Amino acid sequence: QLQLVESGGGLEQPGGSLRLSCAGLGSSFFSSYAMAWFRQAPGKEREIVAAINWGGFRTMYPNSVKGRFTISRDNAKNTLYLQMNNLKPEDTGVYYCASTRYGILSTRVSDMYYWGKGALVTVSS
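Residues numbered from 1 in each chain as written. Predicted model: local features only at pLDDT ≥ 70, side-chain atom pairs only at ≥ 80, totals over all residues. Heavy atoms only, no water.

Q: Hey, could you run me through the pairing of strand S11 (residues 119–123) in this one?
A: Regular strands show a simple pattern: their side chains alternate between the two faces of the sheet. Residue alternation in S11 divides its side chains into a buried set, Ala119, Val121 and Val123, and an unburied set, Leu120 and Thr122. As judged from the 3 bridges shared by strand S9 (residues 93–99) and S11, these two strands associate in the antiparallel manner. Counted as the bridge partner of Gly93 is Val121 from S11. (Buried < 20%, exposed > 50% of the residue type's maximum accessible area, 1.4 Å probe, protein only. Helix = DSSP H or I, 4+ residues; strand = E, 2+ residues; numbered from the N terminus. Pairing = 2+ DSSP bridges.)

Right, dumping it as structure tokens:
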């Protein structure tokens with residue numbers, strides 16, 4: 001059973017940067033699974049922020065974060081990352097790390113099998 005634990009959230013000013021980490025615990029299959037970051041703002045549906053395949057050589061971003069966010073993974077450390085630059089107030093929300101149970105990149109909530117509890121990111125001056 002894979003457990004996902006996010007860290008690195010917090011309060012940042014517009015234009016600033018934050019780096020989220022997601023540690024995968026309890027399973028040796030972390031490196032086999034495609035993973036993703038989602039976020040959910042108050043009163044809104046959960047949305048995809050970035051996705052990555054099992055090996056880290058394929059990534060996907062929605063237009064809202066493309067060029068500002070970078071997803072990466074270190075399979076030797078069982079860790080997923082999200083580097084967020086040039087943050088905007090609309091990036092505020094709870095950020096969730098999620099994992100499929102296969103290697104092909106996916107951006108759909110319904111394809112995610114494991115979820116972290118979330119990390120709050122607040123962008124405000």
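Q: Mind showing me how you'd approach the state of the cysteines here?
A: Using the criterion set out here, one finds 1 disulfide in the structure. Disulfide partner of Cys22: Cys97, at an S-S distance of 2.0 Å. Judged by the sign of its S-S torsion, about -75 degrees, the bond between Cys22 and Cys97 is left-handed. Of this pair, Cys22 sits in strand S3 (residues 18–25) while Cys97 is found in strand S9, placing the two residues 75 residues apart along the sequence. The pair Cys22 / Cys97 is uniform in exposure class, with both members buried. (Disulfide = S-S within 2.5 Å.)

Q: Looking at this structure, I do not really get the environment of Asn78. What am I missing?
A: By the secondary structure assignment, Asn78 is in the loop between strand S7 (69–74) and strand S8 (79–84). For Asn78 and Cys22, which are 56 residues apart along the polypeptide, the C-alpha to C-alpha distance reads 8.4 Å. Not counting residues within four places of it along the chain, the set of residues in contact with Asn78 comprises Cys22, Ala23, Gly24, Ser27 and Phe30. (Contact = heavy atoms within 4.5 Å.)

Q: What should I look at first to understand the environment of Leu80 in this one?
A: Residue position: Leu80 is located in strand S8. Classification of Leu80 by relative accessible area gives buried; the value is 0%. Residues Leu80 and Glu47 lie 33 residues apart in sequence; the distance between their C-alpha atoms is 18 Å. Setting aside residues no more than four positions away along its own chain, Leu80 makes contact with Leu20, Ser21, Cys22, Phe30, Met35, Ala36, Trp37, Ile52, Ile71, Ser72, Arg73 and Cys97.

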